[in-house]
Amino acid sequence: TLANPLSPKDRDVAMVFQHYALYPHMTVYENMAFGLRNRGYAKKDIDQRVRQAASMLGLEPLLRRKPAALSGGQKQRVALGRAIVRNPRLFLFDEPLSNLDAQFRAQTRSELLALQRQLGTAALYVTHDQIEAMTMGDRIAVMREGRLEQVGPPLEVYRRPDSMFVARFIGSPPMSLISGTWSVRDRKGYFQSDSGSLTLIFPRGELPEMERWDTCKVVLGVRPESVVPCGPDDPRGNRVDGIVESVELTGADAYAVVVCGRDRLIARCPAGRVKPGASIELGVDLAACCFFDPVSEHRIAPVAENGYKEMPAFGGNAK
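So, a few notes on the structure that sits alongside this text. (Residues numbered from 1 in each chain as written. Predicted model: local features only at pLDDT ≥ 70, side-chain atom pairs only at ≥ 80, totals over all residues. Heavy atoms only, no water.)

## Some words on the overall build of the protein
Helix and strand counts for the protein come out as 7 helices and 17 strands. Since a compact globule built from 319 residues should have a radius of gyration of about 20 Å, the 26 Å found for the protein marks it as more spread out than a globular shape. When the backbone C-alpha atoms are referred to their principal axes, the protein occupies close to 80 × 55 × 30 Å. Residues counted as buried form 42% of the 319 residues belonging to the protein. The contacts of the protein with a sequence gap of at least 6 include a subset with a gap of at least 24, amounting to 61%. (Helix = DSSP H or I, 4+ residues; strand = E, 2+ residues; numbered from the N terminus. Rg over C-alpha atoms; globule rule 2.2 N^0.38 Å. Buried < 20%, exposed > 50% of the residue type's maximum accessible area, 1.4 Å probe, protein only. Contact = heavy atoms within 4.5 Å.)

Here is the structure:
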């Protein structure tokens, strides 16, 4: 039984292709009107729809031009206009900005988001660019080899990835992942890396989803913004000493790769405050830490108020 018995042409989905797919011998006007003519729309209705879409996209001065006389950004607007005139139930965008340079991509991304909100039509947007996914999506779905890894609001997927794949894929720089051992002693949780270079102590209640596990192998995950330099008067109790290996400047912030013995953490630092080779003391936000099963690579986490996601391959014993 087909999930959708309708043939693709009858599903009222308008697609915007990665490579524009404009007819080179047609003008901008004719390209935008082509689909409507094929569907038998009246000439007056076609003209009204095309000119309305052209006005929304700033294409009115270009209606008589052919694609060869357009820039990449203008071609992309024509492809969008061809979809908009359909007034469909759903837009399907197949990496529509990947052929634009960085400046045009950022500008067009903002314009496309504003346009979608103005139209109020649902859109499915396919992209390999995580910045596009995070900034444009109300919900994002992360795929891996045709399998759905996680679906949720962008911040939820970023802060609480369901798997190590999502933790590595979402975020730039990615989440730091360190293999080690989890144990509970004296009503506190302890994480120690396999190298013995990194130890974190979790007071009771700081990470309740982990308190029900005995000693077991885990992978610690922590985002760069949750690892920051700290001074002698900083109240953070979990401190890590290390040496700055490299620094990536992104503007007001810098991301430092810090070597702690045989472990590496990525820390967010104020620009100009850290240099390669310098000693540094870091504070770790315990509440932002994630733990993953090293075998299944899934996150160890509750799925509901009264239930937990059980991990068959997990090496520990639930209390």
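## Observations concerning the nonpolar core
Counting residues in hydrophobic clusters, the biggest one holds 32 residues, and the most contacted among them are M32, V50, L59, L63 and V78. The set of elements that each furnish at least two residues to this core consists of β1 (13-16), α1 (28-38), α2 (43-57), α3 (72-84), β2 (90-94) and α4 (102-119). Apart from the residues lying within four places of it in its own chain, the contact partners of L59 are M32, A54, Q74, R77 and V78. In terms of nonpolar packing, the next biggest core, distinct from the first, is built from 30 residues, I178, F191, C269 and V284 among them. (Core = buried A, V, L, I, M, F, W, Y, C linked by side-chain atoms within 4.5 Å.)

## Remarks on the sheet that holds strand β14 (residues 279-284)
Strands sit in the order β10-β14-β11-β12-β13 across an open sheet of 5 strands; the sheet is antiparallel. Two strands bound the open sheet, and with one partner strand each, they are β10 (227-229) and β13 (263-270). Across the sheet, the axes of successive neighbouring strands diverge by a mean angle of 50°, strand direction being ignored. Note: strand β11 (residues 239-249) against strand β12 (residues 253-260), 6 bridges, orientation antiparallel. In the sheet register, I243 faces β12, and the bridge partner there is V259. (Pairing = 2+ DSSP bridges. Axes fitted to C-alpha atoms, helices over the stretch in contact; angles between N-to-C directions.)

## Regarding α1
Among the residues making up α1, those that are buried are V28, Y29, N31, M32, A33, G35 and L36. Structurally, α1 contributes buried residues whose contacts are with α2 and α3. Just beyond α1, the residue with positive phi is G40, at close to 80°.

## Here's the deal with empty space enclosed by the protein
Applying the stated criterion across every chain, the model contains 2 cavities of 30 Å³ or more. When its volume is computed, the largest cavity comes out at roughly 60 Å³. Every residue along the wall of the largest cavity is listed here: V16, L80, A83, I84, F91, F93, L112, L115, Q116 and L119. Of all the elements in the fold, those that place two or more residues in the lining of the largest cavity are α3, β2 and α4. (1 Å grid on protein atoms, 1.4 Å probe; cavity = no way out; pocket = protein on both sides within 12 Å on 5 of 7 lines; lining within 4 Å. Points joined across faces, edges and corners; volume = space filled by probe spheres on them.)

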